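# Residue-level structural notes
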Amino acid sequence: MKIRSFIFGALSMLALAAGFTSCSDDDNDDISKPNVELAKTRAFVLDEGNKGNNNAGITYFDWTEDATFSSDLFVAQNKHQLGDVGQDIIADANGNIYVIVSVSRYITKLDKNCVEKATLQMPEELGDPRYGVLDGENLYVTCYGGYIARINTKTMKVTGKVAIGQNPEYIIKENGSLYCTNSGWGSDNRVAKVEIPAFEAVSYYDVMYNPDRIIAVNGHIFVQGYDYDYSYPWGELKSDGTFLNKGQASAWAAYGNTLYLAYSETNWSTYATTTKFYTYDVENGTLNEASPLKNAPEELATASVYSMNVNPYTGDLYITTSDFVNNGKIYHFASDGSFIKKFDSTGLNSRKILFLND
Amino acid sequence: MGFGKAFAIDSKPEDLPQMDYTSVSRKGRLTLSSMKQIVFMGFVCSMACYATAQNSTDSLNSDIRALHQVVVEGHRTPINVAVTHPQQEMNREQMELTGVTSIADAAKRFAGTNVRDYGGIGGMKTVSVRNIGAHHTAVSYDGICMSNTQAGQIDVGRLSLDNVQTLSFSIGHHSDYMQSARHLASAGILSIETERPVFKNGRPWALRTHVSGGSFGMVNPSLRYYQQVGGSTLLSLDANYTHADGSYPFTLVNGARRTREYRNNSNINAFHTEANIYQTFADSSTLNVKAYWFHSNRGLPGAVILYNNISRERLHDEDFFTQAIWKKPLSKQLQLHTRLKYTHSWSLYEDTDVKYAGGHNEEINRQDEYYASATLGWEPFSGLQFSVAEDLSVNTLRSNVIQGNNLLPLSPRRFTSLTALTANYSWWRLKVYATLLGTFATEHVKNGTNPEDKRRLSPSVAVNFRLLQNEPLYVRVMMKNTFRMPSFNDLYYLRMGNRGLLPERANEWNAGVTWFHSSRGFIRSVSLTADAYYNNVKDKIVAFPGTYVWKMANFGKVRMRGVDITAATEAVLFKRTSLLIQATYTYQKTEDELKKSASYGRQLPYTPQHSGNGSILLRMPWFNVGYTVLMQGERWSMAQNTPQYRLKPYWEQSITLSRDIQLNKTSLHIQASLQNLTDEQYEIIRYYPMPGRHFVASATMTL
């Protein structure tokens, strides 16, 4: 009996040790066999869905062919749904993917095939998670309770938090600091800055009413928001802390020195939406009102642009649109602006596209 | 609802609206003043009259002589058969014996209704007529329409079933020419008539106590007291309380996962009381005065959110109204009905979540309504009636969320005038009912621009023709044009409101055939109605998506085509054992027909093509058995008619056993009901699961 117990104990220790060993390696090695085989050149579209319908999802396509998988990839790989309101999707250097599902109030860690490895339910005191940015093995996530939470991506545990203001939205990392927009739904209206090493000092910059997006391009920081009348102003947050208004935009994406912008405006008398595309040269600080798109399908000029995305491996531009009823459309343009293809998303309100190539 | 029924004079006067009471002799023989009158009034079959010699003198009302028990057996033509507008009703007994638990539950059993039920006792429940929209349905409570100018629709989940005598549902409106203008202004009307005092055993008072309890921590005691004061005044007092923890289990399907969950934050405490005075004057004019108060405190569980079951939203609400209806015959040809009502509603919505500044959010709304109405009716000769009705109302709202973009309060105030002309003509086998309604509404806000005034004329006409002299077989057609005003929320809700909104317009066309047959054989009665209809709604008020921002808009044009069928039969199996069977079926195609709409040509969300219900009621000397079934076919939760948004068909079945026991002068009614007996897991609104199998038992004692 004792010998049997000894052997059992020894085997258990061995198994435990093996487990620790595997955990200590890069997560990259821990890849499950997926139900759906994906191409090396793969893209994941985070479909936000609409609140209360648990219809967030992931559209998959091979970016060399623009061929989508026929249904929600997350469900196909994991046999359960992603949840309610897909807010952000981010990949680390090892190919792990982090999806922030805001109203379901959790973050899921996926392998490169979109197979779920771990989840983190956000503590109630932090509130709904919104957007994230990676720095090393830490994921920094804005939370509606007024915090940036630091999450260790290996353990998927919250390791710290800093209070920064009300209802923070987008977050970026720039020059060793985190910047996020504090919307406060119109009552905060600042950009908060947190230095990463200390993760406590906070400084603020006044911007427009109800700020939303923030992006860094070649050392320049740009902020976009709603304003009182939903006129979607955007501008540059200068290094001296002043904010310089540049124009109107409801979506954007950056590649190289160029900021691509779209401004979708709804006429509340005719209920018609019109969209204008233009660019901004970050280096020269010049706006180019001409559309960068060539041979764009006509309907794009009257569609609501939901997101703009650039494939970092090719410089190609992908524009998603939404009519808020049907699944989204994705328009693919080459880096020179020429139209390549239009295809359907498998979900509603396509918020962001993540491109991988390994 | 549609049953031909035996009636007893000692039950209550409303059951015999067309009978000349003075023609009933004290010795119990029914002397029919005019056979033609009886036929005209819709009584069919032979009327076997007999009396039982008892000494009790049941007083019905002070202006009606006390009658010894005179029981008249016969069948009146069901209301749904003989009227110009499709109309169905359920009385208290039918609701009780078939285990109906709420007004919304009863409304689901009418053909042509679409009830949006968010589940549980505290969940919101609204009733729509043939899917035109709940904003187009008026809810009348003892003769005066209720209002909620802020939301534009009535949550019937707040109304108690405890003291309801009759619930009726009319498409278009009732066929009574003495209605208020408001009764004529909607696409359909759900009418709630509460019980009136009934005295037995020679007492000038009566007392009824009731308690029910059941699954999910539900308990519902109620008390009703009636008092006769002098010879012409009756008083009634009602009070009931409802408590439920509402934590019912349901099966959550998440991909391949099926988990058993519990509804969270769905408890409710509600208290309702009302007092009534029924006064009859010497000139036979009547005055009914009511005071009503309702208070509730409930959790709002919201949609089931995957991976996050935290819900802390709560709603406290309070409704108070007092109303008076005075009915005065001015001469043989003229009569006047006047109505006054004051309503005060208060609600506090609160949510606790760190996303709010201070971790807490409160929305407080206070509404007031001042309402006056008069209808003057003229009957120049028998069969021809005219009326003119004028309704005036002032509605105000104070709210901390009805604000302009500058966050200044708007405090909207609306003045509405409704004027209705009605003509009702009956000749030979023909009945014609026509109305013309004029609406004027003007609005004022405290800060900012006032919306434009609204003016509109809305006609309606309905015709009913009896095809056979000796058989109640009718054809009927109806056309009605209505519109609904934008609600205060539509116009002013923070950021979403749109002051440029136009009224939403609706048209209804209906053509139907109805038939009723009765006999003295095994099958006592059969009734059938079939109505085909076409409706459309233009300038539909919807939340319209811009880019990241939604705003209310007149964007939409929908049409509904369908058929409503009702059938009912009554059979006498043995002496004192009868069987009542009824069924309804609705086929409906509701489509978005605006070509530039993103959902053009598709079935509207939450509108099944096939729906129906049925009930079987077996009455026996020992106990009664009621069985009901409700079904809805597939429908979609979104305008995308794709498998992802498909809601599966459901059949919900219930069985109810009940028994009446007489103990000296005390009546006892006991009842047990197993609701959703197959534990069907279904949703009416996506991610708002309905309760599975549950149990309700009740006891009612009447002195």
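Just so we're clear, the structure is a prediction, and the values are computed from it rather than from any experiment. (Residues numbered from 1 in each chain as written. Chains lettered and ligands numbered in written order. Predicted model: local features only at pLDDT ≥ 70, side-chain atom pairs only at ≥ 80, totals over all residues.)

What chain A contains, in helices and strands, is two helices and 28 strands. Relative to the globule expectation of 21 Å for 358 residues, the C-alpha radius of gyration of chain A, 22 Å, shows essentially globular dimensions. Taking the principal axes of the C-alpha coordinates as reference, chain A spans close to 85 × 45 × 40 Å. Buried positions account for 45% of the 358 residues belonging to chain A. (Helix = DSSP H or I, 4+ residues; strand = E, 2+ residues; numbered from the N terminus. Rg over C-alpha atoms; globule rule 2.2 N^0.38 Å. Buried ≥ 20, exposed ≤ 12 C-beta atoms within 10 Å, placed from the backbone.)

Glancing now at the overall build of chain B. The secondary structure content of chain B amounts to six helices and 40 strands. Expressed as a percentage of contacts within chain B between residues at least 6 apart in sequence, the contacts between residues at least 24 apart total 63%. (Contact = placed C-beta atoms within 7 Å.)

Moving on, we get to the environment of B:Gly692. Residue and element names in this part refer to chain B. Tracing the chain through its elements places Gly692 in the loop between strand 39 (688-689) and strand 40 (694-702). When the 19 C-beta atoms within 10 Å are taken as the criterion, Gly692 is described as partly exposed. Beyond its immediate chain neighbours, meaning those up to four positions away, Gly692 contacts Tyr248, Pro249, Phe250, Asn676, Asp679 and Gln681.

Residues and elements named next belong to chain A. If you trace the four strands from one edge of the open sheet to the other, you get 8-9-10-11, paired in antiparallel fashion. Here the strands that pair on one side only, and so sit at the sheet edges, are strand 8 (129-135) and strand 11 (157-163). With strand direction ignored, the average angle separating the axes of adjacent strands in the sheet is 25°. In terms of strand pairing, strand 10 (residues 147-152) meets strand 11 through six bridges, oriented antiparallel. From the neighbouring strand, Ile148 faces strand 11, where its bridge partner is Val162. (Pairing = 2+ DSSP bridges. Axes fitted to C-alpha atoms, helices over the stretch in contact; angles between N-to-C directions.)

What follows concerns the interface of chain A and chain B. Often, the extent of an interface is quoted as the loss of accessible area on bringing the components together. Contacts between the two partners involve 38 residues from chain A and, on the opposite side, 32 residues from chain B. Taken together, the residues of the side of chain A that touches chain B sort by class into ten nonpolar, 20 polar and eight charged. (Nonpolar A, V, L, I, M, F, W, Y, C, P; charged D, E, K, R; others polar.)

Glancing now at the pairing of strand 25 (residues 473-484) of chain B. Residues and elements named next belong to chain B. Taken together, the seven bridges between strand 24 (residues 454-466) and strand 25 define a ladder with antiparallel strand orientation. In the sheet register, Ala462 faces strand 25, and the bridge partner there is Met478. Taking the residues that link successive antiparallel strands as the turn, the strand 24-strand 25 hairpin has six residues.

Let us look at the sheet that holds strand 24 (residues 304-310) of chain A. Residues and elements named next belong to chain A. If you walk across this open sheet you meet the four strands as 24-25-26-27, and the pairing is antiparallel. Each edge of the sheet is formed by a strand with only one pairing partner; in this case those strands are strand 24 and strand 27 (339-344). In this sheet, adjacent strand axes meet at a mean angle of 20° when their direction is disregarded. Here five bridges tie strand 25 (residues 317-322) to strand 26 (residues 329-333), and the two strands are oriented antiparallel to one another. Bridge assignment links Leu317 to a residue of strand 26, and that residue is Phe333.

Our focus in this paragraph is the confidence of the model for chain A. Looking at chain A, the pLDDT average stands at 90 and 91% of residues meet or exceed 70. Overall, residues 1-29 of chain A carries pLDDT values under 50, and its contacts beyond four positions in sequence, including any with other chains, amount to seven contacts. (pLDDT = per-residue confidence, 0-100.)

Before going further, it helps to examine the pairing of strand 5 (residues 97-101) of chain A. All names here are of chain A. Most of strand 5 is tucked away: five of the five residues are buried. Residues Ile97, Val99 and Val101 point to one face of strand 5 and Tyr98 and Ile100 to the other, with burial holding for every one of them. Here strand 4 (residues 86-91) folds back onto strand 5 in antiparallel fashion, the turn holding five residues, of which Gly95 has a positive phi close to 90°. Looking at chain direction, strand 5 and strand 6 (residues 106-110) are connected through five bridges and run antiparallel. Within strand 6, the position partnered with Val101 by the bridge is Tyr106. Hairpin connection between strand 5 and strand 6: a loop of four residues separates the two successive antiparallel strands, and Arg105 in this loop has a positive phi of roughly 60°.

Soluble globular proteins tend to bury their nonpolar side chains together. Core analysis: the largest hydrophobic core is formed by 89 residues, its most contacted members being A:Val99 and A:Ile148. The residues contacting A:Val99, other than those within four sequence positions of it, are A:Leu46, A:Leu82, A:Gly86, A:Ile89, A:Ile107, A:Thr108 and A:Leu110. Formed by 28 residues, the second largest nonpolar core is a distinct cluster that contains B:Met90, B:Ala107, B:Phe110 and B:Val139. (Core = buried A, V, L, I, M, F, W, Y, C linked by C-beta atoms within 7 Å.)

Residue and element names in this part refer to chain B. When you line up the elements, Ala111 lands in the loop between helix 4 (103-107) and strand 5 (113-117). Remark: the alpha-carbon pair of Ala111 and Ile565, spanning 454 residues in sequence, is separated by 7.0 Å. Apart from residues no more than four positions distant in its own chain, Ala111 is found in contact with Gln88, Asp564, Ile565, Thr566, Thr584 and Thr586.

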